[in-house]
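Observations on the three-dimensional arrangement
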Amino acid sequence: MRKIKIGVIGLGYVGLPLARLFATKYSVVGFDINKIRVEELMSGVDSTLEVENDVLLSVLVNENFNEKGLYCSSNLEDISDCNYYIITVPTPVDKNNRPILTPLIKASETVGAVLGQGDIVIYESTVYPGATEEDCIPIIEKVSGLKINKDFYAGYSPERINPGDKEHTVEKILKVTSGSTPEVGKKVDDLYKSVITAGTHLAPTIKVAEAAKVIENSQRDINIAFVNELAKIFGLMDINTHDVLEAAGTKWNFLPFKPGLVGGHCIGVDPYYLAQKAQEYGYHPEIILAGRRLNDSMGEYIVSEVVKLMIKNDVVVKNAEVLVLGVTFKENCPDVRNTKVVDVISGLKEFGVNITIYDPWAKKEEVCREYGLDSLNKLPDQKFDAIILTVAHNEFKTINYNLLKKERSIVYDVKNILSDNVKDLGL
């Protein structure tokens, strides 16, 4: 029996917390092609804020050796002696909502270049059922010259990281596991079980594990689409949607979903992976894609509500100064991937307004690189014609909105975190 040594490929929101956790018990090499990211982590700093600096420092080691601890590197040779490889790269969609497997393919090529006899490759990236065995494994076989279930083995254990959530951390979330053979499934399950305090669930096949993950977020997407549709209906009826949901929530089996913008790298993306695979089998998914269409329409809806509110309150729309509070995809988190706040911003710009974005969590350079937008980390010393709260950061709850408002202005609260005497309208 060889001593377990784990290589984690991709040190982002998923990979780093997992690598840190495994490093409390095993020798772990975290591999990432981003050299700046690697240097940052080796200095004990995680800019994603998923792992506290002191926690990261507690597992870091300065040399790549076979004792427990985490060593981060962008050098391929440093993962060549690992016997478990865990791939945690992103799986986004393109502008037409088609799955982009490029990061997954590149990661598979990387592992294939160093894979050895008897090694196990585990995928955590969210994919459609069949992607691991039909798309990824053949690449590893081609690059390595090894054969699956003869020379090396595979597993799939879908990530369940919730960015910004300090309560449901990786070790506290039950983990689904699977393997390319029943015996390997048991090995994969035992590996995760050794660090996941919440326990594990061993799925019978890799495809079952893949399908389980992709429907988790599709289910949430559909439920949010339902309450978003309710928000549109009750808006026409002049009924407060959140008051309705609070009343309905008194029933023991009512599901507590809230309306809003649905972005990020999971809920706003994963349903398209399932839909794509379904269409390859000749089935056109109706409910899944209807939910996606409705949730993707919310930016446009919010813009129309804001503009109508401005007109109703005699606020001139053209050249109006508009403050957008928040640009990340969710509250109290620096992640701006696939944020739908940009839909609101682009829609407002079509009306000729001037936009100021304030987000104390978002990295200015990342917002600029991803969307070509300027974002402030400090509250501007200025008054505005309209203020739109799009993300429920804690910092936004204590702002004195009267200091930001002109004599005639409106406040629209997408997340319904402001009191009625502060906001003029909410979603």
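Predicted model, so just to flag it, every value in this text is computed and none were measured.

Once that is clear, we can look at the pattern of salt bridges. Counting across every chain of the model gives 20 salt bridges. The residue Arg-160 makes a salt bridge to Glu-216 at a minimum N-O spacing of 2.6 Å. A residue pair is termed long-range when its members are at least 10 positions apart, and Arg-160 in the loop between strand E6 (153-156) and strand E7 (175-177) and Glu-216 in helix H7 (residues 206-236) qualify at 56 residues. Relative accessible area serves as the criterion here: at 25%, Arg-160 is assigned to the partly exposed category.

Turning next to the nonpolar core. Ranked by size, the top nonpolar core spans 39 residues in total, and within it Tyr-85, Ile-87, Val-121 and Tyr-123 carry the most contacts. When near neighbours in sequence (up to four residues on either side) are disregarded, Val-121 contacts Tyr-85, Ile-87, Val-111, Leu-115, Ile-140, Phe-152, Tyr-153, Ala-154 and Gly-155. By size, the runner-up hydrophobic cluster in this structure holds 36 residues, among which are Met-310, Ala-320, Leu-348 and Ala-362.

Where H7 contacts helix H10 (residues 287-296), the two axes come as close as 9 Å, and the packing angle between them is 50°. With respect to their mutual orientation, H7 and H10 come out oblique. Between H7 and H10 lies a crossing of left-handed hand. Two secondary-structure elements touch here, H7 through Asp-221, Ile-222, Ile-224, Ala-225, Asn-228 and Glu-229 and H10 through Ile-287, Ile-288, Gly-291, Arg-292, Leu-294 and Asn-295.

The next subject is the sheet that holds strand E3 (residues 69-73). Taking strand neighbours across the sheet as the criterion, the 6 strands line up as E3-E2-E1-E4-E5-E6 in an open arrangement whose pairing is parallel. With partners counted over all chains shown, the strands left at the sheet margins are E3 and E6, one partner each. Taken over all neighbouring pairs, the strand axes of this sheet differ in orientation by 20° on average, direction set aside. Pairing between strand E5 (residues 120-123) and E6: 4 bridges, direction parallel. Bridging across to E6, Ile-122 finds its partner in Gly-155. Packed onto the sheet, helix H4 (residues 102-114) meets strand E1 (5-9), strand E2 (27-31), strand E4 (84-87) and E5 and runs at close to 170° relative to E4. Packed on one face of the sheet, helix H6 (residues 182-193) meets E1, E4, E5 and E6 and runs near 65° to E5.

The next thing to look at is the pairing of strand E11 (residues 384-389). Burial runs high along E11: 6 of the 6 residues are buried. Bridging between strand E9 (residues 321-325) and E11 involves 4 bridges; their strand directions are parallel. Note that in E11 the partner of Val-324 across the bridge is Ile-388. Pairing geometry for E11 and strand E12 (residues 405-413), over 5 bridges, is parallel. Bridge pairing in E12 links Phe-384 to Lys-405.

So, on to the sheet that holds strand E13 (residues 425-426). Here we have 5 strands laid out as an open sheet, ordered E10-E9-E11-E12-E13, and parallel in their pairing. This sheet does not close on itself; its edge strands, each paired only once, are strand E10 (354-358) and E13. Helix H11 (residues 298-312) rests against E11, E12 and E13 of the sheet, and its axis sits at about 150° to E12.

Right, let's talk about the environment of Asp-359 for a bit. Here Asp-359 is to be found in the loop between E10 and helix H13 (364-371). The exposure class assigned to Asp-359 is buried, which follows from its relative accessible area of 0%. Spatially, the C-alpha atom of Asp-359 lies 42 Å from that of Ile-120, the residues being 239 residues apart in sequence. If we skip the residues at most four places from it in the chain, Asp-359 touches Gly-326, Val-327, Thr-328, Ser-375, Leu-376, Asn-377 and His-393. Side chain to side chain, Asp-359 and His-393 meet in a polar contact 3.0 Å long.

What follows deals with the packing of aromatic side chains. Tallied over the full model, the rule gives 4 aromatic pairs. Look at Tyr-128 and Tyr-273: their rings are 6.2 Å apart centre to centre, the planes differ by 35°, and that puts the pair in the tilted class. With Tyr-128 in the loop between E5 and helix H5 (131-144) and Tyr-273 in helix H9 (residues 270-280), the pair connects residues that are 145 residues apart, well separated along the chain. Each member of the pair, Tyr-128 as well as Tyr-273, is classed as buried. Each ring, one from Tyr-358 and one from Phe-396, has its centre 5.7 Å from the other, and the planes form 55°; the classification is tilted. Of this pair, Tyr-358 sits in strand E10 while Phe-396 sits in the loop between E11 and E12, placing them 38 residues apart in sequence. Over the ring of Trp-252 we find Lys-251; its NZ or CZ atom is 4.5 Å from the centre of that ring.

Parameters at a glance
- Residues numbered from 1 in each chain as written.
- Predicted model: local features only at pLDDT ≥ 70, side-chain atom pairs only at ≥ 80, totals over all residues.
- Heavy atoms only, no water.
- Salt bridge = Lys/Arg side-chain N within 4 Å of Asp/Glu carboxyl O.
- Helix = DSSP H or I, 4+ residues; strand = E, 2+ residues; numbered from the N terminus.
- Buried < 20%, exposed > 50% of the residue type's maximum accessible area, 1.4 Å probe, protein only.
- Core = buried A, V, L, I, M, F, W, Y, C linked by side-chain atoms within 4.5 Å.
- Contact = heavy atoms within 4.5 Å.
- Axes fitted to C-alpha atoms, helices over the stretch in contact; angles between N-to-C directions.
- Parallel < 35°, antiparallel > 145°, perpendicular 65-115°, else oblique.
- Left-handed = near helix turned anticlockwise from the far one by under 90°.
- Pairing = 2+ DSSP bridges.
- Polar contact = N/O pair within 3.5 Å; in protein donor to acceptor, adjacent residues only side chain to side chain.
- Phe/Tyr/Trp six-rings, centres within 6.5 Å; stacked < 30°, edge-to-face > 60°.
- Lys NZ or Arg CZ within 6 Å of the ring centre and 35° of its normal.

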